[in-house]
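Read off the chains here:
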Amino acid sequence: MRFFTEAFALLGLFTLYWFQRARREYLKQRIGKLAIRNVYSVARNIGFMLSRQDIGVQDNGNILEKGGIFYSFHFGIWELMPRALEKRGFDLGVLVNRYADDNHSRINRFFDNLLDRFRSSGNVKVFSKHDSMKIVRFLKNGGILGVLVDGNRFYAKYIKMKKLSNLCGVPLVPFAAYCKNGSGVLDLGCDLDRIVTQRPLDYVWFYKSRTE
C-alpha cells in the first residue's frame, strides 16, 4: 500500500512542479540547487501520510498531561500528529484553512471535504478560523489543538497562537513529525528550528500561504 501511495504522490508532485512555473521559481529562490531533491523528499513524506502509517511518540516530560496548543510547520509528516495522539486516548483537534473560504468553487469544496475526511480520522475534530468559541471551549476542557504557524515566513501565525494560549491558559508546545530509518517519529517539545536546519529537505519550501 505504501509503495503505491508514494508512487502516486511522486507522480502528482513532480507533475505540478513542471507545470507551475511561478511555484517552481519560488521554490528555487528559497532552496536553490536542492529544489528537485526537496520535491522528491516532500512527495515521499506525502506518500507516508496518505498510507496512514503509525508513528512513535517522543514526549519530553509530562507535556501530554497538560493539553494545549501543539504547533509546527509544513514539515515532514505533520498530518499524522493528531492521529498518533488520538490513538493514545487524547482529545485532539486541528485548526485548518479551507480553500472555499477564498473561492467557493465546486473543486475547492471538493478538496476541503476530502481533507476534512482524512484529518477527522477516529475522533479528531476539525476546526476552521470561524470556530473561535468552539476552539476556546475545546482548549479549556483539556483538548490538544494542532496548528501550523508558518506561512510565507516560518512564524507568520505564531503571535496569534500565543495570544490564544494566553487567553485559554494553556501551554504552547512545538512538535516535529518526520521519517527516520523508514519509521515515523513524533517529537514533542522539540527545538523546531534545529530540526528544520538539520533536515531542510523535509520542509515544504514551495508552500505559499493564502492568508497570514
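Here, every reference points to the structure presented above.
These numbers were taken from a predicted model, which means no experiment stands behind them.

Definitions and limits used
Residues numbered from 1 in each chain as written. Predicted model: local features only at pLDDT ≥ 70, side-chain atom pairs only at ≥ 80, totals over all residues. Heavy atoms only, no water. Buried < 20%, exposed > 50% of the residue type's maximum accessible area, 1.4 Å probe, protein only. Helix = DSSP H or I, 4+ residues; strand = E, 2+ residues; numbered from the N terminus. Pairing = 2+ DSSP bridges. Phe/Tyr/Trp six-rings, centres within 6.5 Å; stacked < 30°, edge-to-face > 60°. Lys NZ or Arg CZ within 6 Å of the ring centre and 35° of its normal. 1 Å grid on protein atoms, 1.4 Å probe; cavity = no way out; pocket = protein on both sides within 12 Å on 5 of 7 lines; lining within 4 Å. Points joined across faces, edges and corners; volume = space filled by probe spheres on them. Nonpolar A, V, L, I, M, F, W, Y, C, P; charged D, E, K, R; others polar. Core = buried A, V, L, I, M, F, W, Y, C linked by side-chain atoms within 4.5 Å. Contact = heavy atoms within 4.5 Å.

Q: Hey, could you run me through the pairing of strand S2 (residues 68-72) in this one?
A: Counting buried positions over the five residues of S2 gives five, a clear majority of the element. Where S2 lies against strand S5 (residues 144-148), five bridges are found, and the strand directions are parallel. Of the residues in S5, the one forming a bridge with Ile69 is Leu145. Judged from the three bridges that link them, S2 and strand S6 (residues 172-180) form a sheet pairing that is parallel. Within S6, the position partnered with Phe70 by the bridge is Val173.

Q: How should the packing of aromatic side chains be read in this particular structure?
A: Here a ring pair, both rings aromatic, is described through the centre-centre distance and the interplanar angle of the planes. Enumeration according to the criterion identifies 10 aromatic pairs in this entry. Look at Phe73 and Tyr203: their rings are 6.3 Å apart centre to centre, the planes differ by 85°, and that puts the pair in the edge-to-face class. Taken together, the residues span a long stretch of sequence, with Phe73 in the loop between S2 and helix H4 (81-86) and Tyr203 in the segment after helix H8 (192-198) at a distance of 130 residues. One aromatic cluster in this structure is built from Tyr71, Phe73, Phe154, Tyr155, Tyr158, Tyr203 and Trp205. Looking at Lys208, its charged tip hangs above the ring of Tyr26, at a distance of 4.8 Å from the centre.

Q: Mind showing me how you'd approach the layout of surface pockets here?
A: Empty space among the atoms becomes apparent when a probe as large as a water molecule is rolled across them. The computed volume of the second largest pocket comes to approximately 230 Å³. Along the walls of the second largest pocket sit Arg2, Glu6, Ser41, Arg44, Asn45, Phe48, Cys179, Lys180, Asn181, Gly182, Arg199 and Asp202, which together make up its complete lining. For the lining of the second largest pocket, the secondary structure elements donating two or more residues are helix H1 (2-19), helix H3 (35-50) and S6. The residue inventory of the lining of the second largest pocket, partitioned by class, reads two nonpolar, four polar and six charged.

Q: Just checking my understanding: could you explain the nonpolar core for this structure?
A: Counting residues in hydrophobic clusters, the biggest one holds 62 residues, and the most contacted among them are Phe70, Leu85, Leu164 and Leu186. Ranked by the residues each element gives to this core, the list is headed by S6, at seven residues. Beyond its immediate sequence surroundings of up to four residues, Leu186 is in contact with Ile55, Gly56, Val57, Gln58, Met81, Ala84, Leu85, Phe175, Ala176 and Ala177.

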